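# Understanding the architecture of this molecule
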Amino acid sequence: LFVSKGQVYVDTMIDRASKAPKGGNAEKGRTYYATLCIGCHGADGTLPQEMPESLGQISTRNPWEALHKVANGQAAEPMPALRALDKQITADVMAYIVTMPKVNNPRKK
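In this report, the structure presented in the accompanying data block is examined. Since we're looking at a predicted model, the values are computed, not measured.

Before going further, it helps to spend a moment on the overall build of the protein. Looking only at helices and strands, the protein has six helices and zero strands in total. Ordered by position in the sequence, the α and β elements of the protein form the string α-α-α-α-α-α. The buried share among the 109 residues of the protein stands at 33%. For the protein, long-range pairs separated by at least 24 residues make up 69% of all intrachain contacts whose partners lie at least 6 apart in sequence. Surface accessibility of the protein: about 6,400 Å² in total, with carbon and sulfur atoms responsible for 57%.

Glancing now at the state of the cysteines. All chains considered together, the criterion is met by zero disulfides. Between Cys-37, a cysteine without a disulfide, and Cys-40, which holds the nearest cysteine sulfur, the sulfur-to-sulfur distance is 8.6 Å. Classification of Cys-37 by relative accessible area gives buried; the value is 12%.

Mapped onto the secondary structure, Gln-57 falls in helix α4 (residues 55-61). For Gln-57, the side chain forms a polar contact with the main-chain nitrogen of Val-103, separated by 3.2 Å. Gln-57 has contacts with Pro-101, Lys-102, Val-103 and Asn-104, leaving out every residue within four places of it along the chain.

Here we come to the pattern of salt bridges. If you walk through the whole model with that rule in mind, you get five salt bridges. For Arg-61, the salt bridge is made with Glu-53, and the minimal N-O distance between the two is 2.6 Å. The exposure class of Arg-61 is partly exposed, given its relative accessible area of 37%. Arg-61 is the partner of Glu-65 in a salt bridge, and the nearest nitrogen-oxygen pair spans 3.2 Å. Taking relative accessible area as the criterion, Glu-65 reaches 24% and is therefore assigned partly exposed. Several salt bridges share partner residues, and in doing so they unite Glu-53, Arg-61, Glu-65 and Lys-69 into one network.

As a volume, the largest pocket reaches approximately 660 Å³. In terms of lining, the largest pocket is formed by 27 residues, of which the most central are His-41, Pro-48, Met-51, Leu-55 and Met-79. Of all elements in the fold, only α2 (26-36), α3 (38-41), α4, α5 (63-72) and α6 (87-97) reach the threshold of two or more residues within the lining of the largest pocket.

The rules behind the values
- Residues numbered from 1 in each chain as written.
- Predicted model: local features only at pLDDT ≥ 70, side-chain atom pairs only at ≥ 80, totals over all residues.
- Heavy atoms only, no water.
- Helix = DSSP H or I, 4+ residues; strand = E, 2+ residues; numbered from the N terminus.
- Buried < 20%, exposed > 50% of the residue type's maximum accessible area, 1.4 Å probe, protein only.
- Contact = heavy atoms within 4.5 Å.
- Areas by Shrake-Rupley, 256 points an atom, 1.4 Å probe, with all protein chains shown as cover.
- Disulfide = S-S within 2.5 Å.
- Polar contact = N/O pair within 3.5 Å; in protein donor to acceptor, adjacent residues only side chain to side chain.
- Salt bridge = Lys/Arg side-chain N within 4 Å of Asp/Glu carboxyl O.
- 1 Å grid on protein atoms, 1.4 Å probe; cavity = no way out; pocket = protein on both sides within 12 Å on 5 of 7 lines; lining within 4 Å.
- Points joined across faces, edges and corners; volume = space filled by probe spheres on them.

Okay, structure coming up:
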């Protein structure tokens, strides 16, 4: 999907200097997260257990990686590509997940 559909121009979605998501609404993102993501990632973003970092930490440390995974999925993992989502929904989810706990995954075995 990444190759066939091309890359997302990240400068429209992430501020390079601050690493903060641009144009997203965290409250709307919370609602989308509760519908699309919570089943696999849990309410606090620390699932699945094999993830080394929480979603909050990944999205803060490397928002480009988080955006890439949302859009294109995670190879060899059940994380689906969500490129079909409207870019505003993606921006809203990104705005929400940066508010989540920023920790190494406490559930990792």
